[in-house]
Structure formats: structure tokens, C-alpha cells
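Residue strings, one per chain:
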Amino acid sequence: MSGRKHLWPLFLLPVAAVLAFVWIAPRRPGAVNEAAPGAGNGPKVADLGSRGRDLPAENAPANESETDRPPGPEPEGGEPPVEEQANSAREIDIYLGQLAHATKVNDGRGINLAHQALRNCRPHELVDERVQAALEPERSAFVRTQFFAAFHAQEPALGWAARALELRAGKFLGTDEIYDPGEEDELKAYAHTLLRRLVLQMQSSEPTADPRPLAFARNALDTQIPAWALELTLWHITEAAILTDRPELAREFEQEVRRLLERGTADLKLREQAFAVYATAQADVPALLAQMDAPWLRPYTATLVQMFPVYTPPGQLKAGSLVRTPLGDRVIQQGDAVSALVARVLAGNAPQAEKQLLIQRLCRTELPKARELLETGLQRKDANLGDYLAAWGYRARTTEDLKLLAESAAAADSATATGAIEGLRQCPLPEAAAELARIIEQGANPGTQSQALGALLARDPRKAETIVESYLGPDRDAAVRAVAVAHIPAKNTDRLKKVIDEDASPRVRQAALTRLGEMNDKKLRPYFLNVANNDPQPLIRQQAKKYADELKD
């Protein structure tokens, strides 16, 4: 036992000798620890086969100056290029499978992660090859759309889109209007790619290798079907021709957009885009203005007006300007001629709705003589008088302007009164709020009173609840309280119930009951039954029973 106590330190002598040698021996610059295969300069990641890489050494130098590289110029040619990591076809297919699954279960995060993984895959050619192979048998339009977005290069994407245009021409051209779920969005993605390539070719004067996208665009403009094709085509043409000021591109489609404008059946927003393309094709604005009296072009006078800078009422912060375009700049230079055109349209026999849009835009832009044009319209007192009054409120500057609106709000003609109240709502003068309050309290027409209260609430939405409560007070006239009830927020059913249960006026209670009944909420049925059985007023009971019966299962 004692012998072992004396001998055990001898086992440490070889270990001590090795440690001393390592400590004392000089170390060569750049020496690598070769103690064991694969030891490296730091810990390894878990075994990933061909994906395994060394992690940085724990005490690795932070920058080049701390390395053992001898000083001097860089070797000719710089650092050797880092070889790009390659992915296998199986890996890419796995990511595509994950993308398909995430799409089918509507997992947005999973879709984004799968797309990120596919974007990082290399080589590009193999990714595009596997994407196309996955597209071939896929039956879900939603998944095909996501697969299409995973193409790396433009050419394979264009090829697939062109193939889809050929095989499903009826759905692209509107002769086959039966779409599978998600198929319309899929076709939009293909059409977007094809139209963008078409526009780029036209901008660079390249020969159009594939005439099908051009035929698709012309068909959309001529037939206006499918609706999504017309919208997408006009968006691309507008962006290409107007924002870059390329009249030659606009002329390529001039006849198609002219026929679209002559028909006048498309949505106004799309027709205004088409008009901008037509105007760009003309290039000469004075020549264009000479055509504008034609019935098929006259409706787009409002489009020209909207190209002028935004008008800002006195005392308000400067409003942001509309998007500036070369066409808009040329139109602004012809401001007086545009004003003369507006005057002719407003004084002529254009439809009332057409004039209404023109007046609405006229009051909000810096078109020359805009205020004078509105004054002339007010004096004319035609069918658009209410529209002129609403616009006049936006341009009001003086107490005389305000007086005109206040007097018109008491007019017997409902359109005139409504226009004047709208003018008071938009009026930047603080006294307009007092005029609205006077109409609410003294007005003889409940409809006008309600409109005035709505306008007052719209002027200051933050105080809406307080304003409504002030008009629900017992000291207010029953007519005013009945008007205020209609402006209690729908979510505040408890407040409406309180009016029905406690207000002294049957008229006000009936107005509150009507407000509740219009909500068509089955949760209110027990309340209606209670009122129908217990309310002392026969009319209230009858009305409550009607609402309760309508909410039966």
C-alpha cells in the first residue's frame, strides 16, 4: 500500500516531459496542428456529408493584420475565387415539395422560407430545370403560380409563360371564361412576364421574336376581355409610353386605345389610362386640345385637369403634388387653353355626371381661372348647382363665400341643400362648423339636419362621440335627438338600448329602435322580444316584434 503511494508520481513524468517540450519548443510561423486527422483549427459542425465545413477557430484573428501572413503586396490576381456551393437535383426537389405543401396549407411563412431556400440554390440552370419539371405535372394553379416565381433566369420563365399562352389561349383571350381556383392569378403572372418583355423589346427597338404577346395586348384593348388582361395591358403600356415619354410606343397601340375610348364602356380609371396613352401618341398638346370637343374625347377633359398641381386651401399645409409626367408638363404649359376647354364643356350639353367629375377635380387643382370658372357655374344655376356649391366650399376664402353656402343650405331643392352642406364640410374656414351647428338646431328638414350633423362629425372625427352626446341631451329638441340617434356608432348597442328604454320622446325611441333593427344582428333578438312584450307604446311593441320575427332561425 505504502509502495504505491511512493510510485504513483512516476506515471506523471512522461506527461510532464511532453508539456515542457511543447511549451519551450519554438513555433514556426503558420504552423498547423497536425495532432489528429480532421482536427483543424477549431470545432467542426455536425457531420453533414458534403455540406460539412470548419467553423472559425475560437481564437481566430479578427482581421488580416493579426494573421501570420508575411507583409508585402498581395499575390498577383488577388485571393483565389471561392468555389460556389452546388446543390443536387434531389435537394432542389425537396425545397419545391416544401413550397407546394406550404402553398396548399396556406402557410405564408413556409412559402417565404421555401422561396428563400430556392433562391440560394445553385447552379441556376439546374434550379430552373427542376422548376420546369415540377410545373409539368402540377394540377394546382396556386402551386403553379408559386413554382413559376421560383425560376432564376428570365428566359426559362418566358418560355414557360409563352407555352401557357399557346396552350391556354382561350383563357388568355377571354373566349374561355371558366377558371379553376387560383388560375386567374396564375395567368396574370404569366401575362405580366410576357408584357414586360414585349415592352422592353419595343423600348430597345429589338425585333419582336414572339408575336403572341403583342397579339394578346391588342386583343385585350379591342375586346376588353378578360377584364384582368385589359387592366394589365394598360398598366404596362402606360408605364412604358407615358412615364418614359415614348410617343412611338403609344402610337403602336393608338388605334386600339382610340376604339376603346370611342366605345366608352370600360371602367373610367382604365379609360383615363387609355386616354393618356392616346394623348402621348399625339405628342402635340395644342393639336390634341383641338380634338377635345369631340364627344368621344370630351369626357377626358377631367383627366387633363387632374394633371395640374394640387390646390391647397389657405391656412393648410401644402398638399403633395400628383405624379409628374412629361405629358403632364406639356399640358400645364397650355393652361389657358385647357381652362377655355373646361369653360366650353361646363357650359355645353355634356351629361350631368361628366360635369360633376370635372367640377370636383377643378376645385382641387391649380388650373388657371379655376375660381372664376366655379363662380360662373354658380351664377348659371343649372342641374350641377349642388356640385358647384360643394366645390365652392373647398375654395371658400371669405365670410361672403361662407354666407352663400349657409343660405343655399336652407334651399327647398334637396340637391342644392346637400351640395351646400357638403361645401360647409369641406370649407377650411373655422366658422363653417358654427353654420353646420345652426342648421342642426334650427333646420326644418330632418334630412338636411342629419346631413349637417354628419358633416360636422366628419370635420372633426376625434370629437365625434362627444358631439353626438351633446345632441342627445334631454334639453335638445326631440327632432334633433332623433337625428343624433342615427349617428350613434353601430358598435355602441348599449347606448341605443338606453335611448329606447329611457328617452321621453316616442319619435326618438322609434329612431333608435330602427337603428338597432337595421343591424340585422341575431344577438339582439332577445332584446327585441323583451321590448315587444313589455314596452308601453303600441307602435314600439309592434316594431320590436317585427325585428324579432325577422331574426328567427
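Given the structure is predicted, the values throughout are model-derived calculations rather than measurements.

## With respect to the layout of surface pockets
And step 1. What the second largest pocket holds in volume is close to 680 Å³.
And step 2. Lining the second largest pocket are 22 residues, and of these Thr238, Ile242, Ala276, Val323 and Thr325 sit closest to its centre.
And step 3. Only helix H11 (227-243), helix H14 (268-282) and helix H17 (326-333) provide two or more residues apiece to the lining of the second largest pocket.
And step 4. With 5 residues, the top contributor of residues to the lining of the second largest pocket is H11.

## Topic: the packing of helix H28 (residues 493-502) against helix H29 (residues 506-517)
And step 1. Two numbers describe how H28 lies on H29: the axes approach to 8 Å, and their chain directions differ by 150 degrees. Between H28 and H29, the crossing angle belongs to the class labelled roughly antiparallel. For the crossing formed where H28 meets H29, the hand is left-handed. Of the residues in H29, those in contact with Thr493, Leu496, Lys497, Val499 and Ile500 of H28 are Val508, Arg509, Ala512, Leu513, Arg515 and Leu516.
And step 2. Tallied by class, residues from the contact of H28 with H29 come to 7 nonpolar, 1 polar and 3 charged.

## Looking at the side chain of Arg515
And step 1. With respect to the secondary-structure elements, Arg515 resides in helix H29.
And step 2. When near neighbours in sequence (up to four residues on either side) are disregarded, Arg515 contacts Val485, Ala486, Ile488, Pro489, Ala490 and Leu496.

## Notes on the nonpolar core
Within soluble globular proteins, side chains that are nonpolar generally end up buried alongside one another.
And step 1. Phe172, Phe275, Met292, Val342, Leu367, Tyr471 and Phe528 are the most contacted members of the largest nonpolar core, which has 147 residues in total.
And step 2. Ranked by residue count, the leading element in this core is H11, at 9 residues.

## Describing empty space enclosed by the protein
And step 1. Evaluation of the coordinates by the stated rule reveals 2 cavities of 30 Å³ or more.
And step 2. Taken as a whole, the largest cavity holds about 40 Å³ of empty space.
And step 3. Counting only elements with at least two residues in the lining of the largest cavity, the list comes to helix H9 (183-203) and H11.
And step 4. If one sorts the elements of the lining of the largest cavity by residue count, H11 sits on top with 3 residues.
And step 5. Looking at side-chain class alone, the lining of the largest cavity contains 6 nonpolar, 1 polar and no charged residues.
And step 6. As a volume, the second largest cavity reaches approximately 30 Å³.
And step 7. Considering the residues around the second largest cavity, the lining is formed by Ala343, Leu346, Leu373, Thr376, Gly377, Arg380 and Tyr388.
And step 8. For the lining of the second largest cavity, the secondary-structure elements that each account for two or more residues are helix H18 (335-347) and helix H20 (370-380).

## Side note on the pattern of salt bridges
And step 1. The full count for this structure, using the stated rule, is 31 salt bridges.
And step 2. One salt bridge in this structure joins Asp222 and Arg259, with 3.0 Å as the shortest N-O distance. A residue pair is termed long-range when its members are at least 10 positions apart, and Asp222 in helix H10 (residues 212-223) and Arg259 in helix H13 (residues 254-263) qualify at 37 residues.
And step 3. Exposure remark for Asp222: the relative accessible area of 30% places this residue in the partly exposed category.
And step 4. Here Asp460 makes a salt bridge to Arg462, at a shortest N to O gap of 3.6 Å.
And step 5. Within the structure, one salt-bridge network assembled from shared partners comprises Arg144, Arg168, Lys171, Glu183 and Glu186.

## Notes on the side chain of Thr448
And step 1. Structurally, Thr448 can be placed in helix H25 (residues 446-459).
And step 2. You can call Thr448 buried: its relative accessible area is 12%.
And step 3. When residues no more than four places from it in sequence are discounted, the contact partners of Thr448 are Ala409, Ala417, Ile421 and Ile439.

## A closer look at helix H4 (residues 108-120)
And step 1. For H4, which comprises 13 residues, the first-to-last C-alpha distance of 19 Å matches the rise-based estimate of 18 Å (1.5 Å per residue) to within 8%.
And step 2. Every buried residue of H4 is listed here: Gly110, Ile111, Ala114, His115, Ala117 and Leu118. Each buried residue of H4 sits inside an arc of 160 degrees when the element is viewed along its axis, so together they form one side. Among the exposed residues of H4, those pointing more than 90 degrees away from its buried face are Arg109 and Asn112.
And step 3. In this structure, the buried residues of H4 make contact with helix H3 (89-104), helix H5 (124-135) and helix H6 (141-148).
And step 4. The opening residue of H4, the one whose side-chain oxygen lies 3.3 Å from the backbone nitrogen of Arg109, is Asp107.

## Here we look at the confidence of the model for the protein
And step 1. Model confidence for the protein is summarised by a mean pLDDT of 85, while 83% of its residues fall at 70 or above.
And step 2. Note that pLDDT drops below 50 for residues 1-76; the model gives that stretch 25 contacts with residues more than four away or on any other chain.

The rules behind these values
- Residues numbered from 1 in each chain as written.
- Predicted model: local features only at pLDDT ≥ 70, side-chain atom pairs only at ≥ 80, totals over all residues.
- Heavy atoms only, no water.
- 1 Å grid on protein atoms, 1.4 Å probe; cavity = no way out; pocket = protein on both sides within 12 Å on 5 of 7 lines; lining within 4 Å.
- Points joined across faces, edges and corners; volume = space filled by probe spheres on them.
- Helix = DSSP H or I, 4+ residues; strand = E, 2+ residues; numbered from the N terminus.
- Axes fitted to C-alpha atoms, helices over the stretch in contact; angles between N-to-C directions.
- Parallel < 35°, antiparallel > 145°, perpendicular 65-115°, else oblique.
- Left-handed = near helix turned anticlockwise from the far one by under 90°.
- Contact = heavy atoms within 4.5 Å.
- Nonpolar A, V, L, I, M, F, W, Y, C, P; charged D, E, K, R; others polar.
- Core = buried A, V, L, I, M, F, W, Y, C linked by side-chain atoms within 4.5 Å.
- Buried < 20%, exposed > 50% of the residue type's maximum accessible area, 1.4 Å probe, protein only.
- Salt bridge = Lys/Arg side-chain N within 4 Å of Asp/Glu carboxyl O.
- Expected span 1.5 Å × (residues − 1).
- Arc of directions from axis to C-beta.
- Polar contact = N/O pair within 3.5 Å; in protein donor to acceptor, adjacent residues only side chain to side chain.
- pLDDT = per-residue confidence, 0-100.

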